[in-house]
Amino acid sequence: MIKVTLKDGSVMEFDNGITAGEVAERISAGLARAALAAEVDGEVRDLGYKLEKDCNLNILTFDSEGGRNAYRHTTSHVLAHAVKRLYPDAKLAIGPAIENGFYYDFDVEKPFSPEDLAAIEKEMEKIIKEDLPLERFVLPREEAIRFMEERNEPYKVELIRELPEGEEISFYRQGDFVDLCAGPHIPSTGKIKAFKLLQVAGAYWRGNEKNKMLQRIYGTSFPKKSELDEYITRLEEAKKRDHNKLGRELGYFTTVDYIGQGLPILMPKGAKVIQILQRFVEDEEERRGYMLTKTPLMAKRELYKISGHWDHYRDGMFIIGDPEDFENENAEIFALRPMTCPFQFQVYLSKLRSYRELPMRFNETSTLFRNEASGEMHGLIRVRQFTISEGHIACMPEQLEQEFAGCVDLANYMLKTVGLDTDVTYRFSKWDPANKEKYIGTEEQWEEVQGRMREILDKLGIPYTEAEGEAAFYGPKLDIQIKNVHGKEDTLITIQIDFLLAEKFGMEYIDRDGQRKHPYVIHRTSIGCYERTLALLIEKYAGALPTWLSPVQVRVLPIIDKHHEYARKVLAALREKGIRAEVDERNEKIGYKIREAQMEKIPYMLVVGDKEAENSQVAVRSRKEGDLGAMPLEDFIKKIVYEIETKAK
RNA sequence: GCUGGUGUGGCGCAGCGGUAGCGCAAUUGAUUCGUAAUCAAUAGGUCAGGGGUUCGAAUCCCCUCACCAGCUCCA
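Every value quoted in this text rests on a predicted model; they were computed, and no experiment measured them.

A separate point is the sheet that holds strand β23 (residues 360-369). Strands sit in the order β18-β23-β24-β31-β28-β27-β25-β26 across an open sheet of 8 strands; the sheet is mixed. Edge positions in the sheet fall to β18 (290-292) and β26 (464-468), since each has one partner strand and no second. Geometrically, the sheet is characterised by an average inter-axis angle of 30 degrees between neighbouring strands, direction not taken into account. In this fold helix α16 (residues 530-540) packs onto β23, β24 (385-395), β27 (477-483), β28 (489-498) and β31 (520-529), with an angle of close to 40 degrees to the strand it touches most, β31.

This is the structure:
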C-alpha cells in the first residue's frame, strides 16, 4: 500500500502501482472526466503514470497550466498525425503547447494554403473520432535514433542526438503515428472536444534564420465548443482595438507608399497626443533634476567607431554615402543616429567633471533612426524613425543603486499616470556568453555589472524574468515589456547599466581622492518611444483616451444655426482655459452630430440650443455616461479642468 | 531579410478575360430640427506602380512598392 497526499491535504491509501487516472476515478467520476494529466511530487505526468511510492498527487484539469498544456500538446500531435496522413512526405519538427494554443512545425515541399488547413482539420476530426489511446514508451538512445531514421524524420534524429546524456528518451504512439515527446499527454485523442487551426506561417528550424524555414501551423483547443467560440470572439474583439486599424480610422496617423516603410505620418490628432506626453515627460524630468539637451540627428562615422556602433550596430543604421567608401578611411561618411548616447555624452565631456557634480542627469526628446529589416515594421509599434524620451545619468558607483531606483520610479510613475502600469512585465536582459562577438567588453566586466544589476533589482523587489541574449551591446537592461492586441510583446521602457562606453569615450570625474575615475552610465527612457506608447494607449483604451490625453476634449454641438454664435462663445471660453475644443457647425440634426462625435471618441459633447444660450449653460453629454443634463458653463469648465489636471482615467 | 496572404473612389466591399459597380462618407439643394444616422440630387477611380501575354487585362504572367500575420531581429 502507498500513501497518496492530495491537493487538499487529505491522505488516501492505494495499492502500489495504481495509476494517477485511477486515483482520479476513486475520488469522483466528475474529476475523472475532467482529468487531463497529473502532478506527482511536482512533476507533470500522464494519467497512466503508475504511483509506486508515497507521493503528493494533484489531478490536473483544463483549469491548470499543466492540464491545458497536456490537452493542447495532444491536439498538436493530432495535427501532426493528420498532416502525416495527408502528406506522408512531411517531416516533423516540433509541436509544443503555447500560451493560448499550440503549433506544429513541418518541413513540406509546398507551403500549406488556407484550403489545406480546412482539409487537415477534417482529418483531425477523424482522428479524434477514432478515439486513439496515447501510449508512452521509452527507447535507448541508439535505438531511438534508428527508429526515427527508419521513419525518415531527420529533425527528430537531430533532437535525440542533442538530448543530454542520461535523459530518458520517450515516445508517444497514437494509432500508426509516433512522435518523440517528453509528454505528458491526455489518455486518448477522443478527449479533444473543440479545436481550430488558426493560421500558417513560416518559422526557422530552431529559431535560427540560417536554418531552413519550416511551415508552422498554429491552432488552439478547448474542452468545450462554447469556450473555443468565446476565445475566437475575444480574438476578434481584440483586433478591433488594433491601433493600426483604429489609429488610422480615427485619424491619428497614416502611411504613404512612396514615403516608405516604417515612416508613419502623424496627423494632427496623433501629433497632439505625442506633444501632450512629451510636455508631461519633460516637465516631470525637469522636476527630477534632469537637464535638457538637444543634440544632432547625425554624425560622422568616427563617433560611431568610438561608441562601437560602427562595428556592432552598423546593420541597424542608415548610413549616408556610398557603401563603396565604407572601407576607405579618408572618406567622410555620415550616419543618422540610432541612439542618443554618444551624442549626449559630449555634454559630459565638454569639461572636466568633479565628483561634486555627480550624479548628472541629462534628458532629451530624441528622434532616432534605425534601419529595421523590411518585414519588421508594424503600425506605430515598430518604425524606422521614432522619438524617444531618452536620458543618460552619469554617476559614481556608490550612487548607482539610488539613481537606478530613481529611473524605475520615474518609469513606474509614467506608466501609472497613463494607465499602462498593470499591463507590463519586467525583464532582466542579459548578454549571451555563447555569442561574445555581439558585445563589447570582457566576460569579467559583464559578469560584474550583471551581478550588480541583479543585486539592485532584487533589493528593489522588482518581479523580473531573466532573458539571455537580450542585452544591449554595451550593457545589461531592465526592460519593461508590454503586449499588443495580438499578444506580441515589445519593450516599452528600458533602463540600462553601462560601464563600458564611459571608458571608450574617456568620460571621467575627479574623485575626492584626486584620482580620475570613470563614472557609471545609466541609459534610460521614462516613457519609452512616443509612437509606440501612443499605439499601446490607443489599444488599451480602444481609441477612447482619457480626457487629459484626448486630442479633442470637447465638441460643441449647436442645435441649429441660430445657436452658432453662442456655440462660438462657449468655444472661446473653453479655449481660454486651455481645453481643446471645436464646434460642429454643420447643417445636421443633433443626433447625427452626437453619433459622429461619439464614434470619434470625443470625451465631452456640449449640446447648445435656446435653453442653454439663455442661461449661459451647456447640456453635457459624456462619451462614457451619456446625457448628464444641462449645467452652467462655468461648472462644466471646473469639472473638466479638474479631470484634466488630475489626469483622471 | 524569410514564409504566406492582401492591394479596386476617403472608408468598407463586389466584379476575376469583353465599355468599372454597391453601401457609407463627401459636395450641392431642400429641411431649422433637443441626445447614436432627415430627404433628394451630384460629383469622385491612372483598379498600388512598372513590364509582358492577348484583338481586348482590374481580371492571366513577371518585377517592384506598400499593407497584414508569423519567423528572425529589436525601442
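Alright, that's what it looks like, and here's the rest.
Core analysis: the largest hydrophobic core is formed by 90 residues, its most contacted members being Leu-277, Phe-404 and Leu-478. In terms of residue count, helix α13 (residues 400-418) provides more of this core than any other element does, 9 residues in total. Not counting chain neighbours up to four residues away, the residues in contact with Leu-277 comprise Val-418, Ile-527, Tyr-530, Thr-533, Leu-537, Trp-548 and Leu-549. Counting residues in hydrophobic clusters, the runner-up holds 35 residues, among them Ala-37, Phe-112, Ile-186 and Phe-222.

Our focus in this paragraph is the pairing of β23. Most of β23 sits inside the fold, with 9 of its 10 residues counted as buried. Relative to β23, β18 is paired through 3 bridges, and the arrangement is parallel. Each residue of the ladder has a partner; that of Met-291, found in β23, is Phe-362. Where β23 meets β24, 10 bridges bridge the pair, whose relative direction is antiparallel. Paired with Leu-368 across the two strands is Phe-386, which belongs to β24.

Turning our attention to the side chain of Asp-432. Mapped onto the elements, Asp-432 comes out in the loop between β25 (424-430) and α14 (443-460). Lys-438 is the oppositely charged side chain nearest to the buried, salt-bridge-free Asp-432, at an N-O distance of 6.0 Å.

Here we come to empty space enclosed by the protein. Summed over all chains, the structure comprises 2 cavities of 30 Å³ or more. By volume, the largest cavity amounts to about 70 Å³. If you trace the largest cavity, you find it lined by Leu-250, Tyr-252, Lys-269, Gly-543, Leu-545, Ser-550, Pro-551, Val-552, Glu-600, Lys-601, Ile-602 and Arg-623. In this structure, the second largest cavity occupies an estimated 40 Å³ of space. What lines the second largest cavity is Gln-344, Phe-345, Tyr-348, Phe-362, His-392, Ile-393, Ala-394, Met-507 and Val-521. Breaking the lining of the second largest cavity down by element, the ones donating at least two residues are α12 (341-349) and β24. Tallied by class, the residues present in the lining of the second largest cavity amount to 7 nonpolar, 2 polar and no charged.

For the rest of this paragraph, the subject is helix α18 (residues 590-599). Of all the positions in α18, only Lys-593, Ile-594 and Ala-597 are classed as buried. The arc that holds every buried residue of α18, seen down its axis, measures 100 degrees, which confines them to one face. Looking at the buried side of α18, the elements it contacts are β32 (554-558), β34 (604-608) and β35 (617-622). At the exit of α18 stands Lys-601, carrying a positive phi of roughly 65 degrees.

Applying the stated criterion to the full structure yields 44 salt bridges. Lys-517 is paired through a salt bridge with Asp-511; the nearest N and O atoms lie 2.6 Å apart. A relative accessible area of 28% means that Lys-517 is categorised as partly exposed. Here Asp-511 falls in the buried class, since its relative accessible area comes to 10%. Within the structure, one salt-bridge network assembled from shared partners comprises Arg-85, Glu-123, Lys-126 and Glu-130.

Attention now moves to the environment of Phe-345. Its location among the elements puts Phe-345 in helix α12. Separated by 176 residues in the primary sequence, Phe-345 and Val-521 have C-alpha atoms spaced 9.5 Å apart.

The subject of this paragraph is the protein's contact with RNA strand B. The local shell around RNA strand B holds 59 residues, among which Asn-244, Ser-374, Thr-491, Asn-587 and Arg-595 are the closest. When atoms of RNA strand B within 4 Å of the protein are split into backbone and base, the sugar-phosphate part holds 52%. At 3.0 Å, a backbone N or O of Gly-375 approaches a base nitrogen of RNA strand B. Residue Arg-586 places a side-chain N or O atom 3.4 Å away from a phosphate oxygen belonging to RNA strand B. Going through the elements one at a time, β14 (194-204), β15 (213-222), α8 (243-249), β28, α18, α19 (610-615) and β35 are the ones with two or more residues in the surface near RNA strand B. At 7 residues, α18 tops the list of elements feeding residues into the surface near RNA strand B. Across the surface near RNA strand B, the residue classes break down as 20 nonpolar, 17 polar and 22 charged.

On to the packing of aromatic side chains. Where two aromatic rings form a pair, the distance of their centres and the angle of their planes describe that pair. For the structure shown, the criterion picks out 23 aromatic pairs. Taking the centre distance of 5.1 Å and the plane angle of 70 degrees together, the rings of Tyr-439 and Trp-446 count as edge-to-face. By relative accessible area, which is 5% here, Tyr-439 ends up buried. Here the aromatic residues Phe-62, Tyr-71, Phe-222 and Tyr-231 are joined through ring pairs into a cluster of three or more. Against the face of Phe-222 rests Arg-72, its NZ or CZ located 4.7 Å from the ring centre.

Strand order in the open sheet made by the 5 strands is β2-β1-β7-β4-β5, with mixed pairing throughout. The sheet terminates laterally at β2 (11-14) and β5 (43-45), the two strands that pair on one side only. Taking each pair of neighbouring strands and ignoring which way they run, the sheet shows an average axis angle of 35 degrees. Strands in contact with helix α1 (residues 20-27) are β1 (2-6), β2, β4 (37-40) and β7 (55-60); relative to β7, the strand with the most contacts, it is inclined by about 75 degrees.

Taken domain by domain, chain A consists of domain 1 (2-61), domain 2 (66-238), domain 3 (281-540) and domain 4 (547-645). Spacing between the C-alpha centres of domain 2 and domain 4 amounts to 57 Å.

Counting buried positions along β15 yields 8 of 10 residues, so the element is predominantly enclosed. Here strand β10 (residues 101-107) runs beside β15; their pairing, made up of 5 bridges, is antiparallel. Paired with Tyr-103 across the strands is Tyr-218, a residue of β15. Summarising the sheet, β14 and β15 pair through 10 bridges and their orientation is antiparallel. The residue bridging Tyr-204 from the neighbouring strand is Met-213, located in β15.

Reading the values: the criteria
Residues numbered from 1 in each chain as written. Chains lettered and ligands numbered in written order. Predicted model: local features only at pLDDT ≥ 70, side-chain atom pairs only at ≥ 80, totals over all residues. Heavy atoms only, no water. Pairing = 2+ DSSP bridges. Helix = DSSP H or I, 4+ residues; strand = E, 2+ residues; numbered from the N terminus. Axes fitted to C-alpha atoms, helices over the stretch in contact; angles between N-to-C directions. Contact = heavy atoms within 4.5 Å. Core = buried A, V, L, I, M, F, W, Y, C linked by side-chain atoms within 4.5 Å. Buried < 20%, exposed > 50% of the residue type's maximum accessible area, 1.4 Å probe, protein only. Lys, Arg positive; Asp, Glu negative; His and termini not counted. Salt bridge = Lys/Arg side-chain N within 4 Å of Asp/Glu carboxyl O. 1 Å grid on protein atoms, 1.4 Å probe; cavity = no way out; pocket = protein on both sides within 12 Å on 5 of 7 lines; lining within 4 Å. Points joined across faces, edges and corners; volume = space filled by probe spheres on them. Nonpolar A, V, L, I, M, F, W, Y, C, P; charged D, E, K, R; others polar. Arc of directions from axis to C-beta. Near = heavy atom within 4 Å. Polar contact = N/O pair within 3.5 Å; in protein donor to acceptor, adjacent residues only side chain to side chain. Phe/Tyr/Trp six-rings, centres within 6.5 Å; stacked < 30°, edge-to-face > 60°. Lys NZ or Arg CZ within 6 Å of the ring centre and 35° of its normal. Domains from an automatic or database assignment.

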